[in-house]
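Working through the structure, step by step
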Amino acid sequence: TTYGSKFIYAGYMNHNDVVVETLSATFGFNMIKPDSEYWVLCSPNKIYEYLQSGVIPIIRANCANSTVLKKCSLWFNQSDSEEKILSKIEALLSEPMTIKEMMGDALEISREFTFEKVAYRYNTIYESVFYKNRSNEHFIDG
């Protein structure tokens, strides 16, 4: 490869090793295959982990909060070619100061996505599911 040992596919890794590697990474990838049937709006939890590690997310997916995250990440559409993606990444690699700024922006933006700040959303989801299921109990019991 052009970048030698800088890009390594590690295969399956246990959670602790993933954390160590993420904390030492510059880029984190969240890319859905363009022909996937799973091209739907998703909550980008892995991206939030990248932000908290100061890692620049490289995203080819339909993720929530894209407007907020654009400052510290590279975004690609479903129709963008591999050549375009590689070209943008290579261009960024040639700008170390931009990389440094984006990593700092990632850390700054991560403060908006801490569990404490978004916990109420989870509570809302859990409560709506719980109450919906509770209201259907009479159908289950007969």
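Residues numbered from 1 in each chain as written. Predicted model: local features only at pLDDT ≥ 70, side-chain atom pairs only at ≥ 80, totals over all residues. Heavy atoms only, no water.

Section: the layout of surface pockets
Each pocket or cavity is described by its volume, and for the second largest pocket that value is around 340 Å³. For the second largest pocket, the lining is made up of 14 residues, of which Ser-43, Asn-45, Tyr-48, Val-118 and Tyr-122 are closest to its centre. By residue number, the principal contributor to the lining of the second largest pocket is helix H6 (residues 115-135), which donates five residues. Within the lining of the second largest pocket, the residues separate by chemical class into seven nonpolar, five polar and two charged. (1 Å grid on protein atoms, 1.4 Å probe; cavity = no way out; pocket = protein on both sides within 12 Å on 5 of 7 lines; lining within 4 Å. Points joined across faces, edges and corners; volume = space filled by probe spheres on them. Helix = DSSP H or I, 4+ residues; strand = E, 2+ residues; numbered from the N terminus. Nonpolar A, V, L, I, M, F, W, Y, C, P; charged D, E, K, R; others polar.)

Section: the environment of Ala-64
Checked against the element boundaries, Ala-64 lands in the loop between strand E2 (56-60) and helix H3 (66-69). By relative accessible area, Ala-64 is classed as partly exposed at 26%. Along the backbone, Ala-64 and Ser-43 are 21 residues apart, and their C-alpha atoms lie at a distance of 5.6 Å. Beyond its immediate sequence surroundings of up to four residues, Ala-64 is in contact with Leu-41, Cys-42, Pro-44, Tyr-48 and Leu-69. (Buried < 20%, exposed > 50% of the residue type's maximum accessible area, 1.4 Å probe, protein only. Contact = heavy atoms within 4.5 Å.)

Some words on the nonpolar core
In this structure, Ile-47, Leu-51, Ile-59, Cys-63, Leu-69, Ile-109 and Phe-113 are the most contacted members of the largest nonpolar core, which totals 15 residues. Broken down by element, the residue count for this core peaks at three residues, all from helix H2 (residues 45-52). Apart from the residues lying within four places of it in its own chain, the contact partners of Cys-63 are Asn-30, Leu-41, Cys-42, Pro-44, Ile-47 and Trp-75. Ile-56, Phe-76, Ile-85 and Ile-89 belong to the second-largest nonpolar core, a separate cluster that totals ten residues. (Core = buried A, V, L, I, M, F, W, Y, C linked by side-chain atoms within 4.5 Å.)

Here's the deal with the pattern of salt bridges
Applying the stated criterion across every chain, the model contains two salt bridges. For Lys-46, the salt bridge is made with Glu-49, and the minimal N-O distance between the two is 3.1 Å. With Lys-46 and Glu-49 both in helix H2 and three residues apart, this pair spans about one turn of that helix. The exposure class of Lys-46 is partly exposed, given its relative accessible area of 30%. The salt bridge involving Asp-80 is made with Lys-84; its shortest N-O contact spans 3.3 Å. Classification of Lys-84 as partly exposed rests on a relative accessible area of 37%. (Salt bridge = Lys/Arg side-chain N within 4 Å of Asp/Glu carboxyl O.)

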